Amino acid sequence: MIERPASVVKELLENALDAGARSVTIAVEEAGRKLIEVADDGSGVPSDELELAVSRHATSKLVRSDDLFSISTLGFRGEALASIGSVSRMTVTSRVHAEKEGARLRVEGGIPGKLTKVGTTVGTTVRVEDLFYNVPARLKFLKSDTTERRATDSLVTRYALAYPERRFKLSDGKNVVLQTAGDGDWRAILAALYGVDVAKQLLEIQSEEEGFRLTGFISPTSLTRSNRKEITFFINGRWVHDVSLNTALLQAYHTLLMVGRYPLTALFLDIPADVVDVNVHPAKAEVRFRNPDKVFSFVQRAVRRALLAYSPVPNVAPSLWGTSRTVPAEQSRHVGLDWAIGHDEQLPVDSRESGIGDRELGSGSRESEVVDHPITQSPNRQLPIETIPLLRLIGQIGATYLVAEGPDGLYLIDQHAAHERILFEKLMTQHAMKNIPSQALLTPAVVTIPPHSANLLTTNLPILQHFGFDVEEFGPNTFQVRAMPALFMGSDPSAALRALVEDFEEDESPLQSEVEAKLAARVCKRMAVKAGQALSIDEQRALLNDLEACDSPRTCPHGRPTMIHLSVDMLERQFGRRGAR
Ligand code: ADP
Ligand code: MG
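Quantities reported herein were computed from a predicted structural model and do not represent experimental measurements.

The rules behind these values
Residues numbered from 1 in each chain as written. Chains lettered and ligands numbered in written order. Predicted model: local features only at pLDDT ≥ 70, side-chain atom pairs only at ≥ 80, totals over all residues. Heavy atoms only, no water. Helix = DSSP H or I, 4+ residues; strand = E, 2+ residues; numbered from the N terminus. Buried < 20%, exposed > 50% of the residue type's maximum accessible area, 1.4 Å probe, protein only. Contact = heavy atoms within 4.5 Å. Areas by Shrake-Rupley, 256 points an atom, 1.4 Å probe, with all protein chains shown as cover. Phe/Tyr/Trp six-rings, centres within 6.5 Å; stacked < 30°, edge-to-face > 60°. Lys NZ or Arg CZ within 6 Å of the ring centre and 35° of its normal. Axes fitted to C-alpha atoms, helices over the stretch in contact; angles between N-to-C directions. Left-handed = near helix turned anticlockwise from the far one by under 90°. Nonpolar A, V, L, I, M, F, W, Y, C, P; charged D, E, K, R; others polar. Pairing = 2+ DSSP bridges. Polar contact = N/O pair within 3.5 Å; in protein donor to acceptor, adjacent residues only side chain to side chain. Core = buried A, V, L, I, M, F, W, Y, C linked by side-chain atoms within 4.5 Å.

Colleague: Can you help me understand the overall build of the protein in this one?
Modeller: Tallying secondary structure elements over the protein gives 17 helices and 26 strands in all. Across the 581 residues that make up the protein, the buried fraction comes to 54%. The long-range fraction of contacts in the protein, counting pairs at least 24 apart against all pairs at least 6 apart in sequence, stands at 69%. Per element, the accessible surface of the protein, about 25700 Å² overall, is 53% carbon and sulfur.

Colleague: Sorry if this is basic, but what is going on with the packing of aromatic side chains here?
Modeller: Two numbers describe a pair of aromatic rings. These are the distance of the centres and the angle of the planes. Counted according to the given criterion, the structure contains seven aromatic pairs. For the ring pair Y159 and F234, a centre distance of 5.0 Å and an interplane angle of 80° mean the geometry is edge-to-face. One end of the pair, Y159, is in helix α5 (residues 145–162); the other, F234, is in strand β12 (residues 231–235), and 75 residues separate them in sequence. For Y159, a relative accessible area of 0% translates into the label buried. Ring centres of W186 and F268 lie 5.7 Å apart, and the angle between their planes is 40°; this geometry places the pair in the tilted category. Highlighted residues: W186 in helix α6 (residues 186–194) and F268 in strand β14 (residues 265–270), separated in sequence by 82 residues. Here a set of aromatic residues connected by ring pairs shows up, and it is made of Y159, Y163, W186, F217, F234 and F268. Over the aromatic face of Y133 sits the side chain of R89, whose NZ or CZ is 3.9 Å from the ring centroid.

Colleague: Is there a simple way to think about the packing of helix α8 (residues 243–253) against helix α9 (residues 292–310) in this case?
Modeller: Helix-helix packing is described using two parameters, namely the angle between the two axes and the distance between the axes. Close contact between α8 and α9 brings their axes to 8 Å; oriented N to C, the two are set at 35°. α8 and α9 meet at a crossing whose hand is right-handed. For the pair α8 and α9, contact is made by S244, L245, A248, L249, Q251, A252 and Y253 and by V295, F296, V299, Q300, V303, R304 and L307, respectively. Its residues assigned to classes, the contact of α8 with α9 shows 10 nonpolar, three polar and one charged.

Colleague: What should I look at first to understand the sheet that holds strand β22 (residues 409–414) in this one?
Modeller: Strand pairs in the sheet, formed through backbone hydrogen bonds, run parallel or antiparallel to each other. On the basis of which strands lie adjacent, the open sheet formed by four strands has the order β20-β21-β22-β26 and antiparallel pairing. On the outer flanks of this sheet lie β20 (392–397) and β26 (563–567), each paired with one strand and no other. The average undirected angle you get between the axes of adjacent strands in this sheet is 20°. With five bridges joining them, β20 and strand β21 (residues 401–406) adopt antiparallel strand pairing.

Colleague: It is not clear to me how the sheet that holds β12 should be interpreted in this structure. Could you clarify?
Modeller: The sheet built from five strands is open, its strands ordered β10-β11-β14-β12-β13 with mixed pairing. Looking at which strands have only one partner, the edges of the open sheet turn out to be β10 (203–209) and β13 (238–240). Across this sheet, the average inter-strand angle for adjacent strands is 20°, counted without regard to direction. As paired elements, strand β11 (residues 212–218) and β14 share six bridges and run antiparallel to each other.

Colleague: Just checking my understanding: could you explain unusual backbone geometry for this structure?
Modeller: Excluding glycine, a negative phi dihedral is what most residues carry, and trans is how most peptide bonds are arranged. At E30, a position not held by glycine, the phi torsion is positive, near 50°. Turning to its location among the elements, E30 is positioned in the loop between β1 (23–29) and β2 (35–40). For E210, which is not glycine, the phi torsion reads 40° and is therefore positive. Structurally, E210 can be placed in the loop between β10 and β11. Judged by relative accessible area, which is 63%, E210 ranks as exposed.

Colleague: Please explain the side chain of T157 as it appears in this structure.
Modeller: Looking at where T157 falls in the secondary structure, it is placed in helix α5. Only 2.5 Å separates the side chain of T157 from the backbone oxygen of D153, close enough to count as a polar contact. Residues contacting T157, with those up to four places away along its chain left out, are L178, L193 and P451.

Colleague: For this particular structure, what's the right way to read the nonpolar core?
Modeller: Generally speaking, nonpolar side chains in soluble globular proteins are found buried as a group. Residues L12, I26, M90, V128 and Y159 are the most contacted members of the largest nonpolar core, which totals 57 residues. Residue contacts for L12: discarding those within four places in its chain leaves I36, V38, L81, I84, V126 and V128. Ranked by size, the runner-up nonpolar core spans 33 residues in total, among them L203, L214, A252 and V295.

Written as structure tokens, this is what we have:
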């Protein structure tokens, strides 16, 4: 079913790849409303078959496939061209090697015109104009140009990744949005998409078992996203969305990532065609496996193995407080357990999983312990005391936590979370006063980001300006940061920019203020001091003072605790001083 421009592009792209194209050129104008053109150098369609190709149920591919469920070719329903032709003005031009001339056929609203002979190179060009011109209802359902463009961009991006040995070129009529060399160099494509620094960090996977093969890359636990949009699966060369595959993947990361953080992956699963049925729901590209458990456990094991090979297993420390709950490391290896549940989202916000995901630059060997925050369990939980008393600094431990004493006991403060909170409140105060001091960078930072995000960034440049960022376009998918909020001076401007664009996509909230608060929280997280960073006594003291001055010092802007409080009362009980006989 053709629902939007991206579905047209997907069908045409898959046809081109099916036809063995080495090079595919895609042009999308006005987000695909005006024009979508896909040109390939594949095998082409013989002149006398062109009329058949654009009619319904005309596939040349079924004959080649013995199993109806086979997906060794990308599509075989034989209705894509017909469907596209019925909701647009479509022109197909094609030539096969064996013929001297090619043929052209125009279909308008489903009605084919006369076949004409044309001189053209071998291959096929499908030009789709005025999509949905005769289906106003569907036209009405299209999202904003930005959203539709993003869907197309990320689709092409993913196919470019899946087929590194083919050349892809995507343009929007004026500019080239994406271009790959087709020389099989994966890392180069990754670098073009995500920037060199991200591409360098991605871990490669290659795993094979009983006819199943998983290749591709996954992000290390230190590189995460706040949504699942960068999780990509291909099965036998076809992009699919499958909730259970995602779950298998997230299971593999379980306990290694912070709550609400997701990996960035592109995984290519090759499995015997008789094990999967991809065509169950063509529009949604859902899959049905004959033997799901087997597939999922294979994926999970392969990913987990790759992850553990690069990042050490977090130690599960014995529970220190009576109230804490540890997550056995083994649990995540149990396959088939809770497949349906996205664990990462089920944890309550105020329980803290101090996995290494949070320690962006941390050493990666921290305790993986879920500590139920004592505040939530104390008898006065209905009356949470928001502010904190004056604290006496004792020092820093593990270059990660500050230890302090208050009138009512001991405080352990997570320096990163605390700093996040401080930066956030300062930034939001300045923002409310419409005065965020901005400071020019001596050397502007140049940052490359993926095409779909680049798009969004361009549209959102004015918001960034409000926040004291001076960002300019600097070439395709590349931006230059020339100034940033004075508050963040000394931090990495490109990290800030990446944090900013990371989920513009999610920020489709109608409330501007909400969008801005989320934006601010994200940048502050990125700019805050990291765990594992030794702080001078003065810095520690300043951090404590600033935290005391915060309106909500007990949680970071994302709702996680900044501190653990061990009350005198609790200490006495733990040491058996009270209630002891
Ligand atoms: P399907 O791909 O499911 O077979 P389509 O409607 O997408 O159905 O295409 C119909 C037929 O047109 C294909 O089976 C193929 O023979 C031919 N065709 C479509 N696009 C191309 C192309 N880019 N190159 C060569 N042949 C093509
Ligand atoms: Mg097709």
